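# Report on the structure
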Amino acid sequence: MYPAGVSDILRPRLTRRRLHTTPLVLLAPALMLLVAVGGYPLVGAARISLLQFRINAPERFIGLANYARLLADPQTLDSLGITAVFVAGSVTTVLILAYLISLLLYQEFPGRSLVRTMVMIPWALAPVVNGIMWRSLYAPNFGPLNDALARLGVLTHSVNWVVDYPVPSLILAYVWKVLPLPTLVILAGLEGIPPDLYEAAHVDGAGSFRRFRHITFPLMRSVTLLSLILMLVDALHVFALVDLLTHGGPAGRTLVLNYSIFRTAFRYLDFGYGAAMAFTLTSLILVLAIFYLRASAEAALAIER
Amino acid sequence: MKRARRAARYLVIYPAVAAVTLWTLFPVWWVASGSIRPQYEMVETPLKYLPRTVTFRSYQTALHDHAFLRALRNTVTVAGLTTVLALATGACAAYAFARFTFPLKRPLFLAIFLLRMIPAFTLAIPLFVTMRAYGLIDTITALVLTHTILVLPVCILIMRTFFEGLPVAFEEAAMVDGATRFQAMARIVLPLSASALVVAAVMSMITSWNDYLFGLLFTLSKARTLMVAIADVEGVFYVDYPLIVARGMIGLIPPVVAVLVFQRYLIRGLTSGAMTQ
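Residues numbered from 1 in each chain as written. Chains lettered and ligands numbered in written order. Predicted model: local features only at pLDDT ≥ 70, side-chain atom pairs only at ≥ 80, totals over all residues.

### Remarks on the overall build of chain B
Spelled out, the test is: The helix and strand labels rest on DSSP assignments: H or I over at least four residues marks a helix, E over at least two residues marks a strand, and numbering proceeds from the N terminus. C-alpha atoms define the radius of gyration, and 2.2 Å times the number of residues to the power 0.38 defines the globule rule. Counts of 20 or more other C-beta atoms within 10 Å of a residue's own C-beta define buried residues, counts of 12 or fewer define exposed ones, and intermediate counts define partly exposed ones; C-beta atoms are placed from the backbone. Any residue pair is listed as a contact if its two C-beta atoms, each placed from the backbone, are within 7 Å.
Assigned secondary structure in chain B consists of 13 helices and 0 strands. Helices (α) and strands (β) of chain B occur, in sequence order from the N terminus, as α-α-α-α-α-α-α-α-α-α-α-α-α. The C-alpha radius of gyration of chain B comes to 24 Å, more than 25% above the 19 Å expected for a compact globule of 277 residues. For the C-alpha atoms alone, the extent of chain B along its principal axes is close to 75 × 75 × 35 Å. Taken over 277 residues, chain B has a buried fraction of 48%. Across chain B, the fraction of contacts at a sequence separation of at least 24, relative to all contacts at a separation of at least 6, is 78%.

### So, the overall build of chain A
Of regular secondary structure, chain A possesses 17 helices and 2 strands. Scaling as 2.2 N^0.38, a compact globule of 305 residues should have a C-alpha radius of gyration of about 19 Å, whereas chain A reaches 25 Å, well beyond that. With respect to the principal axes defined by its C-alpha atoms, chain A has extents near 70 × 70 × 30 Å. In chain A, which comprises 305 residues, the share counted as buried stands at 40%. A fraction of 71% describes how many contacts in chain A between residues 6 or more apart in sequence connect residues 24 or more apart.

### Some points on the packing of helix 11 (residues 180-191) of chain A against helix 14 (residues 221-236) of chain A
Residue and element names in this part refer to chain A. Which entries qualify depends on this criterion: Axis lines are fitted to C-alpha atoms, over the contacting stretch for helices. Their N-to-C directions set the angle, which ranges from 0 to 180 degrees. Roughly parallel refers to an angle under 35 degrees, roughly antiparallel to one over 145, roughly perpendicular to one between 65 and 115, and oblique to any angle outside these ranges. Two helices crossing with the near one rotated counterclockwise from the far one by less than a right angle form a left-handed crossing, whereas a clockwise rotation gives a right-handed crossing. Each residue gets one label: Ala, Val, Leu, Ile, Met, Phe, Trp, Tyr, Cys and Pro are nonpolar, Asp, Glu, Lys and Arg are charged, and the others, such as Gly, are polar.
At a closest axis distance of 9 Å, the pairing of helix 11 and helix 14 adopts a crossing angle of 170°. The orientation of helix 11 relative to helix 14 falls into the category roughly antiparallel. Between helix 11 and helix 14 the crossing geometry is right-handed. Facing helix 11, whose interface residues are Pro182, Val185, Ile186 and Gly189, helix 14 presents Val223, Leu226, Ser227 and Met231. The residue makeup of the contact of helix 11 with helix 14, split by class, is 6 nonpolar, 2 polar and no charged.

### Section: the interface of chain B and chain A
Between chain B and chain A, the residue contacts involve 76 residues of the former and 81 residues of the latter. At 14 residues, the largest contribution of residues to the side of chain B that touches chain A is made by helix 13 (residues 241-273) of chain B. Class assignment of the residues belonging to the side of chain B that touches chain A gives a composition of 59 nonpolar, 15 polar and 2 charged.

### As for the domain arrangement of chain A
How we decide: All domain edges in this entry derive from an automatic or database-based domain assignment.
Here chain A is described as being made up of domain 1 (1-38) and domain 2 (67-304). On a C-alpha basis, the centroid separation for the pair domain 1 of chain A and domain 2 of chain A is 38 Å.

### Let's talk about the nonpolar core
What counts, and what does not: Remark: nonpolar core denotes a set of buried Ala, Val, Leu, Ile, Met, Phe, Trp, Tyr and Cys residues whose joining runs through C-beta atoms within 7 Å.
Counting 166 residues, the largest nonpolar core has Val128(A), Ala124(B), Ile125(B), Cys155(B), Ile156(B) and Met159(B) as the members making the most contacts within it. Broken down by element, the residue count for this core peaks at 16 residues, all from helix 7 (residues 140-165) of chain B.

### Focus: the confidence of the model for chain A
Atomic detail in the predicted coordinates should be set aside for any region of low pLDDT. Residues and elements named next belong to chain A. Spelled out, the test is: Known as pLDDT, the predictor's confidence for each residue is given on a scale from 0 to 100.
Across chain A, the average pLDDT comes to 87, with 92% of residues at or above 70. Helix 1 (residues 6-16) is the least confidently modelled element of chain A, averaging 49 in pLDDT, while helix 10 (residues 166-178) averages 97, the highest of any element. Note that residues 1-9 has pLDDT below 50 and, in this model, 8 contacts with residues that lie over four places away or in other chains.

### Points about the packing of helix 4 (residues 74-106) of chain A against helix 14 of chain A
All names here are of chain A. It is at 9 Å that the axes of helix 4 and helix 14 come closest, and there the two elements cross at 140°. Our classification of the angle between helix 4 and helix 14 gives oblique. Crossing of helix 4 against helix 14: the hand is right-handed. Contacts between helix 4 and helix 14 pair Thr83, Phe86, Val87, Ser90, Val91, Val94 and Leu95 from the former with Leu228, Met231, Leu232, Ala235 and Leu236 from the latter. Of the residues assigned to the contact of helix 4 with helix 14, the class counts are 10 nonpolar, 2 polar and no charged.

### Comments concerning the domain arrangement of chain B
Residue and element names in this part refer to chain B. For chain B, the domain assignment lists domain 1 (1-55) and domain 2 (59-273). Spacing between the C-alpha centres of domain 1 and domain 2 amounts to 33 Å. Contact with domain 1, which involves 8 residues of that partner, is made by 7 residues of domain 2. Counting only elements with at least two residues in the side of domain 1 that touches domain 2, the list comes to helix 1 (2-35) and helix 2 (39-42). At 4 residues, helix 1 tops the list of elements feeding residues into the side of domain 1 that touches domain 2. Tallied by class, the residues present in the side of domain 1 that touches domain 2 amount to 4 nonpolar, 3 polar and 1 charged.

### Details of helix 16 (residues 257-267) of chain A
Residues separated by three or four positions in an α-helix point in the same direction, a consequence of the helix having 3.6 residues per turn. All names here are of chain A. When you tally the buried positions in helix 16, you get 8 out of 11 residues, the bulk of the element. For helix 16, every residue scored as buried is listed here: Leu257, Asn258, Tyr259, Ser260, Ile261, Phe262, Thr264 and Ala265. Where helix 16 terminates, the next one or two residues include Leu269, which has phi positive at roughly 55°.

### Topic: helix 12 (residues 195-203) of chain A
In terms of burial, helix 12 of chain A is a largely surface element, 0 of the 9 residues being buried. Phi for Gly205(A), located one or two positions after helix 12 of chain A, is positive at around 90°.

### Let's talk about the environment of Phe182(B)
Examined against the element boundaries, Phe182(B) turns out to sit in helix 9 (residues 181-192). Between the C-alpha atoms of Phe182(B) and Ile149(B), which are 33 residues apart in sequence, the distance is 24 Å.

### Details of unusual backbone geometry
The peptide bond linking Gly249(A) to Pro250(A) adopts the cis configuration, its omega dihedral lying at -5°. Among the structural elements, Pro250(A) can be located in the loop between helix 15 (240-245) and helix 16. A positive phi angle, near 65°, is found at Leu104(B), a position not held by glycine. Position of Leu104(B) relative to the elements: it lies in the loop between helix 4 (66-99) and helix 5 (105-115). Residue Leu104(B) is classed as exposed on the basis of its 8 C-beta neighbours within 10 Å.

### Notes on the environment of Glu191(A)
All names here are of chain A. Positionally, Glu191 belongs in helix 11. Exposure remark for Glu191: the 13 C-beta atoms within 10 Å place this residue in the partly exposed category. Along the chain, Glu191 and Ala46 lie 145 residues apart, while their C-alpha atoms are 44 Å from each other.

### Digging into the environment of Tyr95(B)
Along the polypeptide, Tyr95(B) turns up in helix 4. Linking Tyr95(B) and Asp65(B), residues 30 residues apart in sequence, is a C-alpha distance of 45 Å. For Tyr95(B), the residues in contact, after removing those within four places along its chain, are Leu26(A), Phe163(B), Met185(B) and Val189(B).

Put into structure tokens, the structure is as follows:
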């Protein structure tokens, strides 16, 4: 890990000296921030979820009543269903497109580095700007999506995408924005596969499909799993796009969990119930996070290989 | 033979590249071109994809709007302060994780890491209550603090990974010559880590610049951020379409330029930032 020599003789003295104070002093500022603005609110959210808590009204301890209400509320099941469709739809689409694009960018061709830079652009865009952008692309009368489909003869009349197909509209706009990161991670994974494996398979007479099936696919398992979990967590966090494109509508058809929490807490100002919803979503995500940690250890090995 | 095969390969590759280019750039092109055309050109049938008249009227209107300018200034301030705070505290913490052993190191690192996966609303609800109690709503401070939490875990991760890759010998040599640990870090480790610091800084700036959620929840007018201003299009949509997209473009240009300028560092940083050990 460290170069041998003088450093090996010196290191014990240097790292053990004032062992207890130096790292503590270094960590203190970051930890203070993380505890004050991260850890403390996390505990606060748990506390608020046990209260009847509306802004400008006295708070009252009601035990698990908010959670009981969450279980009984038909909106919960609706939101879960909408979230499941949105997450599954977007993650599947992103995974397929990310694979196709990274396989393309893995090839060598003149102009490749330019294309690699270009595919990063959506990553930099703010979700709000993405929302504004897709609003204009989906516009019913003068939007390019309707126009293009009409010119191709697919549509005979203009479609109000966001109203008639709210969830697919959200998915498409979301996929466009989040595609770069999984693409780059998968590309890094592809480039981590030693080329001699392909050469050996080629010598043995394996065609390109069989090389993909028996070398690329199994070796990419951990990297794929990692980006999958990252995408799942990300898709559960979707908020700005929903707020810009559909506001959870029409008629609650795009009320994903995160937007539902926003509406409960910051529109209806029901903080207790909102906190209970948020805490439930948090537990769901932390379960995913455990899988993520395990997957990422494997994936890091795969990329460094 | 070989030439024919290469030509055949390009016959597959370049149409695919064209498709990827169209998919990535068309949406951006559409809003970019919309922002420099007069309103009437946008409502013509059949739709025109190239502007015939180029005008920067919408940008002028946007940049003469005092509320919008204030939002822009707020965002620049918040993004700058967030980056400084996250980099300063993050670099120290990352150095501690990279070079020292201390009790609870591993669980602490995992806790920091898990923090970035927690839905923002879980933190926003209690933070809103606390900040309201301390009069921090609608202040720059509220935004800098919450944005720092948003970016700090990733900053620590990126810098720790980089510090671990640096040989300790340089610091040891400096310390043998009488430098303190902090001097060794400030004068030797940080200058060597410029590329990691750049990645962390660019990511922090973009995250803070692009944030909508905390800006929406924690500000009213005084500390309102650019993204909240851009998103505020209610009723304006059919009134002045070029203005809406011009405002959007003002929010779009800085992060996109930053990514294009620093893309080489970012690609490496992002892929390693997705991993953790």
